[in-house]
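This is what each chain is made of:
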Amino acid sequence: MTQVSKSSMNSLSAPSIDSAIPSVLRSSNIAHSEGRGPDPEVIEIATRRQFSASEKRMLLSEADRCKERGELGAFLRRKHIYSSMLSSWRKQLGAADSAALAPKRRGPKPDAAARQIKHLNRDIDRLRHKLERAELIIDAQKKLCVALGLPTADETNGDE
């Protein structure tokens with residue numbers, strides 16, 4: 001049987017194969033033009049599975065019940081999950097439990113807008129103090145120029 005198919009394959013020449021391809025393409029075009037439409041099969045786009053917290057806890061508890069040899073591997077294959085997922089979920093669960101048991105801060109919650117206003121008011125006060133010092137220095141320089149008889153900036157601009 002295999003010798004017959006091999007001999008029949010060898011008897012086909014390249015031109016006969018090339019001539020067969022356009023006829024196949026033409027027949028598929030005819031199917032579309034007859035009103036059947038395109039192929040109804042839709043290729044699904046893969047999406048990553050997302051597990052809720054309750055699903056993660058349920059899967060972790062089921063995995064913890066697997067005690068016998070090979071039972072955990074079978075469970076992972078059956079649920080289509082990886083052992084690394086279990087370990088990361090255990091870490092997340094431990095972090096969530098420790099956060100839930102941590103003491104809560106008492107008092108009003110900090111307001112971001114109020115904190116920003118406080119910082120801006122502090123900057124305004126600092127800049128006002130700096131401006132007052134600069135004005136005092138400028139006044140002292142003017143008085144020194146007048147005392148020494150040097151021209152001041154006001155007199156220099158007025159001459160031009």
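On a predicted model such as this, the values are computed, not experimentally measured, just so you know.

The rules behind each value
Residues numbered from 1 in each chain as written. Predicted model: local features only at pLDDT ≥ 70, side-chain atom pairs only at ≥ 80, totals over all residues. Heavy atoms only, no water. Helix = DSSP H or I, 4+ residues; strand = E, 2+ residues; numbered from the N terminus. Buried < 20%, exposed > 50% of the residue type's maximum accessible area, 1.4 Å probe, protein only. Contact = heavy atoms within 4.5 Å. Areas by Shrake-Rupley, 256 points an atom, 1.4 Å probe, with all protein chains shown as cover. Core = buried A, V, L, I, M, F, W, Y, C linked by side-chain atoms within 4.5 Å. Axes fitted to C-alpha atoms, helices over the stretch in contact; angles between N-to-C directions. Parallel < 35°, antiparallel > 145°, perpendicular 65-115°, else oblique. Left-handed = near helix turned anticlockwise from the far one by under 90°. Salt bridge = Lys/Arg side-chain N within 4 Å of Asp/Glu carboxyl O. Phe/Tyr/Trp six-rings, centres within 6.5 Å; stacked < 30°, edge-to-face > 60°. pLDDT = per-residue confidence, 0-100. Lys, Arg positive; Asp, Glu negative; His and termini not counted. Patch = residues over 30% accessible without salt bridge, like charges linked within 9 Å, V, L, I, M, F, W, Y side chains within 5 Å.

Of the regular secondary structure elements, the protein chain holds seven helices and zero strands. When the helices and strands of the protein chain are placed in sequence order, the string is α-α-α-α-α-α-α. Here the protein chain, with 160 residues, has 8% of them falling under the buried criterion. In the protein chain, the share of contacts with a sequence separation of at least 24, taken over all contacts with a separation of at least 6, comes to 41%. In the form shown here, the protein chain has an accessible surface area of approximately 14700 Å², with 58% of it arising from carbon and sulfur atoms.

This part takes up the nonpolar core. Counting ten residues, the largest nonpolar core is built from Phe51, Leu59, Leu60, Ala63, Cys66, Phe75, Leu76, Ile81, Leu86 and Trp89. Broken down by secondary-structure element, the contributors of at least two residues to this core are α3 (53-65), α4 (71-79) and α5 (83-101). With residues near it in sequence (within four places) discarded, Cys66 still touches Glu71, Leu72 and Phe75.

α4 packs onto α3 with a crossing angle of 150° between their chain directions and a minimal axis gap of 9 Å. In terms of their interaxial angle, α3 and α4 are classed as roughly antiparallel. The crossing of α3 and α4 is right-handed. Across the interface between the two elements, Leu59, Glu62 and Ala63 of α3 pack against Leu72, Phe75 and Lys79 of α4.

To continue, consider the pattern of salt bridges. Throughout the structure, instances matching the rule amount to two salt bridges. Asp64 is the salt-bridge partner of Arg90, the closest N and O atoms lying 2.9 Å from each other. Of this pair, Arg90 sits in helix α5 while Asp64 sits in helix α3; the two residues are 26 residues apart in sequence, bridging distant segments of the chain. With a relative accessible area of 39%, Arg90 lands in the partly exposed category.

What follows deals with the packing of aromatic side chains. On inspection of all chains with the given rule, the structure shows one aromatic pair. Taking 5.0 Å as the distance between ring centres and 70° as the angle between the ring planes, the aromatic pair formed by Phe51 and Trp89 counts as edge-to-face. With Phe51 in the loop between α2 (14-33) and α3 and Trp89 in helix α5, this pair connects stretches of sequence that are 38 residues apart. For Trp89, a relative accessible area of 6% puts it in the buried group.

This part takes up the confidence of the model for the protein chain. Summarising the model, the protein chain shows a mean pLDDT of 79, and 73% of its residues fall at 70 or more. Scored below 50 in pLDDT, residues 1-17 makes zero contacts in the model with residues more than four places away or belonging to other chains. Segment residues 20-32: pLDDT under 50, and five contacts once partners within four positions in sequence are set aside and those in other chains are kept.

What follows concerns the side chain of Glu62. Along the polypeptide, Glu62 turns up in helix α3. The charged side chain of Glu62 is buried without a salt bridge, its nearest counter-charge being Lys79 at 4.3 Å. In this view, Glu62 contacts Phe75 and Lys79; residues no more than four positions away in its chain are not counted.

In this section: a nonpolar patch on the surface. Residues Leu144, Leu148 and Leu150 make up a contiguous nonpolar surface patch of about 310 Å² in total accessible area. Its place among the elements puts Leu150 in the loop between α6 (112-148) and α7 (153-159).

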